[in-house]
Amino acid sequence: MRDNQNISDLIHPGHVACPGCGAAIAMKLALRAMGPKTMVVLPACCWGVIAGPYPQSSLKVPILQTAFATAGAAASGLRAALDMKGDGETVVMAWAGDGGTFDIGLQSLSGAVERNEDILYVCYDNEAYMNTGVQRSSSTPYGTRTTTTPGQGWKRSRKKNIVDIMAAHQIPYAATASIAFPQDMMQKFEKARHLKGGARFLHVYATCPTGWGLSSEKTVAIARLAVQCNVFPLYEVEKGGDWMLNHQGNMRVAPYLKAQGRFGHLTEIDIQHIQEMVDADWIHLMEKVSRR
Ligand SMILES: Cc1ncc(C[n+]2csc(CCOP(=O)(O)OP(=O)(O)O)c2C)c(N)n1
Ligand SMILES: [Mg+2]
């Protein structure tokens with residue numbers, strides 16, 4: 001065991017994530033908060049690969065690998081099976097990428113949270129279909145170049161607001177979290193773990209150096225910038241109506257965009273346009289926070 005590994009970590013060293021993978025950092029932090037009584041449901045995504053092929057596993061907790069579109073349904077079924085066995089202690093944690101959440105898994109997720117299933121659903125968001133080669137998803141932000149939005153065909157449509165969609169289902173708890181704010185993130189996982197009896201949703205920012213054109217050591221710095229410039233605000237929503245802000249950002253978006261290859265083609269006018277979109281989103285969020 002390496003000296004710098006926390007012996008209580010529920011993720012083994014030596015897994016196959018890319019260097020600097022934000023999704024791997026996210027899982028490490030999440031399981032620190034969730035503990036060993038957790039079962040992880042993985043649809044097709046990078047984490048399906050990072051977890052390893054059976055009988056190998058990079059996690060020390062049980063994993064159910066499921067089809068791309070089915071994380072919400074599979075997690076619901078696993079919860080029902082545990083309840084039949086009288087195990088109310090183990091928490092079912094669906095762990096899906098943005099493609100598996102915002103796109104193909106959205107109906108399954110919506111069904112599960114509408115039934116208010118006793119599950120925690122986590123979307124680790126690397127803002128594209130990374131496992132299959134950086135194709136755009138509906139989480140990919142305006143301005144991004146991907147392999148399906150190449151050259152001057154960079155993405156012109158906006159990132160879907162998944163937390164708004166979850167809040168509209170009026171679930172007990174929904175929140176955003178970032179690998180650059182580990183205490184805040186682990187507190188949210190702990191809160192979600194103890195809030196049993198209904199659906200909880202966490203939207204986790206997970207830098208992808210490989211897909212974003214970044215050197216791996218910048219992973220946490222970019223995640224921090226995303227929060228500081230309000231591209232990815234940290235907030236919580238209880239019962240769909242009680243909005244709480246966890247961090248006030250005051251930076252401009254330009255340093256965040258200019259640090260990443262995926263935005264390298266943007267002109268100053270494009271950057272100003274993105275700044276205006278981020279400012280407008282921030283005002284909408286503040287309106288909801290001030291309703292408390
Ligand atoms: C029905 C179906 N279509 C396509 C695929 C191929 N596929 C596997 S993972 C993946 C991308 C997943 O993207 P995302 O959910 O964002 O997770 P990431 O890979 O970025 O971690 C795709 C398209 C599949 N497994 N099943
Ligand atoms: Mg993804």
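Heads up: the structure comes first, above all this text.
Just so it is clear, the model here is predicted, and its values are computed rather than measured. (Residues numbered from 1 in each chain as written. Chains lettered and ligands numbered in written order. Predicted model: local features only at pLDDT ≥ 70, side-chain atom pairs only at ≥ 80, totals over all residues. Heavy atoms only, no water.)

## Focus: the coordination of the magnesium ion (ligand 2)
- Around the magnesium ion (ligand 2), the protein supplies Asp98 (OD), Asn126 (OD1) and Ala128 (O) as donor atoms, at distances of 2.0 to 2.1 Å.
- Spacing between the donor residues of the magnesium ion (ligand 2) along their common chain follows D-x27-N-x1-A. Placement of the pair is Asp98 in helix H4 (residues 98–103) and Ala128 in the loop between strand S4 (120–125) and helix H6 (162–168), with a sequence separation of 30 residues. Ala128 matches Asp98 in its accessibility class, with the two residues each being buried. (Donors = N, O, S within 2.8 Å, 3.2 Å for Na, K, Ca; no water. Helix = DSSP H or I, 4+ residues; strand = E, 2+ residues; numbered from the N terminus. Buried < 20%, exposed > 50% of the residue type's maximum accessible area, 1.4 Å probe, protein only.)

## Things to note about the environment of Arg158
- Along the polypeptide, Arg158 turns up in the loop between S4 and H6.
- In this structure the C-alpha to C-alpha distance between Arg158 and His194, which are 36 residues apart in sequence, comes to 34 Å.
- Excluding residues within four positions of it along the chain, Arg158 makes contact with Ser138, Thr140, Tyr142, Met277 and Asp281. (Contact = heavy atoms within 4.5 Å.)

## Some remarks on the environment of Asp164
- Within the secondary structure layout, Asp164 lies in helix H6.
- Distance from Asp164 to Glu238, taken between C-alpha atoms, is 12 Å for residues 74 residues apart in sequence.
- Not counting residues within four places of it along the chain, the set of residues in contact with Asp164 comprises Trp243 and Lys288.

## Description of helix H9 (residues 219–228)
- Of the positions making up H9, those classed as buried are Thr219, Ile222, Ala223, Leu225, Ala226 and Val227.
- Check the buried side of H9 and you find it contacts helix H1 (22–34), strand S5 (173–178), strand S6 (200–205), helix H8 (209–212) and helix H10 (254–258).
- Positive backbone phi, approximately 70 degrees, marks Asn230, located one or two places after H9.

## As for the nonpolar core
- Core analysis: the largest hydrophobic core is formed by 67 residues, its most contacted members being Trp47, Met93, Trp95, Phe189 and Tyr256.
- The leading source of residues in this core is H1, at nine residues.
- Aside from chain neighbours lying at most four places away, what touches Met93 is Met27, Leu31, Met34, Thr38, Met39, Val40, Val41, Leu120, Val122 and Phe189.
- Judged by nonpolar contacts, the second largest core, of 30 residues, contains Val163, Ile171, Ala174 and Trp243. (Core = buried A, V, L, I, M, F, W, Y, C linked by side-chain atoms within 4.5 Å.)

## Comments concerning the layout of surface pockets
- By volume, the largest pocket amounts to about 610 Å³.
- Arg158, Lys159, Val231, Pro233 and Asp281 are, among the 29 residues lining the largest pocket, the residues nearest its centre.
- Only H6, H10 and helix H11 (268–290) provide two or more residues apiece to the lining of the largest pocket.
- Among the elements that take part in the lining of the largest pocket, H11 stands out by supplying eight residues, more than any other.
- The residue makeup of the lining of the largest pocket, split by class, is 16 nonpolar, five polar and eight charged. (1 Å grid on protein atoms, 1.4 Å probe; cavity = no way out; pocket = protein on both sides within 12 Å on 5 of 7 lines; lining within 4 Å. Points joined across faces, edges and corners; volume = space filled by probe spheres on them. Nonpolar A, V, L, I, M, F, W, Y, C, P; charged D, E, K, R; others polar.)

## Thoughts on the site of ligand 1
- Near ligand 1, the surroundings consist of 16 residues, among which Gly99, Gly100, Tyr124, Met130 and Asn131 are the closest.
- At 2.5 Å from an oxygen atom of ligand 1 is found a side-chain nitrogen or oxygen belonging to Tyr124.
- Between ligand 1 and Asn126 there is a distance of 3.0 Å, counted from an oxygen atom to a side-chain nitrogen or oxygen.
- Top contributing element to the shell around ligand 1 by residue count: H4, with three residues.
- Classifying every residue of the shell around ligand 1 gives nine nonpolar, six polar and one charged. (Near = heavy atom within 4 Å. Polar contact = N/O pair within 3.5 Å; in protein donor to acceptor, adjacent residues only side chain to side chain.)

## Digging into the side chain of Asn230
- Tracing the backbone through its elements, the reader meets Asn230 in the loop between H9 and strand S7 (235–238).
- Its relative accessible area of 12% is what places Asn230 among the buried residues.
- Here Gly249 takes part through its backbone oxygen, which lies 3.3 Å from a polar atom of the side chain of Asn230.
- Excluding residues that lie within four positions of it along the chain, Asn230 makes contacts with Gly249, Val278 and Trp282.

## Some thoughts on the pairing of S6
- Counting buried positions along S6 gives six out of six residues, so the element sits mostly inside the fold.
- Alternating residues of S6 divide into Arg200, Leu202 and Val204 and Phe201, His203 and Tyr205, and every residue in both groups is buried.
- Sheet topology note: the S4/S6 ladder contains six bridges and is parallel. Note that in S6 the partner of Tyr124 across the bridge is Val204.
- Note that the unit made of S5, helix H7 (residues 182–194) and S6 has a crossover that is right-handed. (Pairing = 2+ DSSP bridges. Right-handed = clockwise from strand over helix to strand, strands pointing away.)

## What to know about the sheet that holds strand S2 (residues 63–65)
- Ordered by their spatial adjacency, eight strands build an open sheet running S2-S1-S3-S4-S6-S5-S7-S8, and the pairing between neighbours is mixed. Here the strands that pair on one side only, and so sit at the sheet edges, are S2 and strand S8 (242–245). Taken pair by pair, the neighbouring strands of this sheet meet at an average axis angle of 20 degrees, ignoring direction.
- Direction of pairing for S7 relative to S8: antiparallel, over a ladder of four bridges. (Axes fitted to C-alpha atoms, helices over the stretch in contact; angles between N-to-C directions.)

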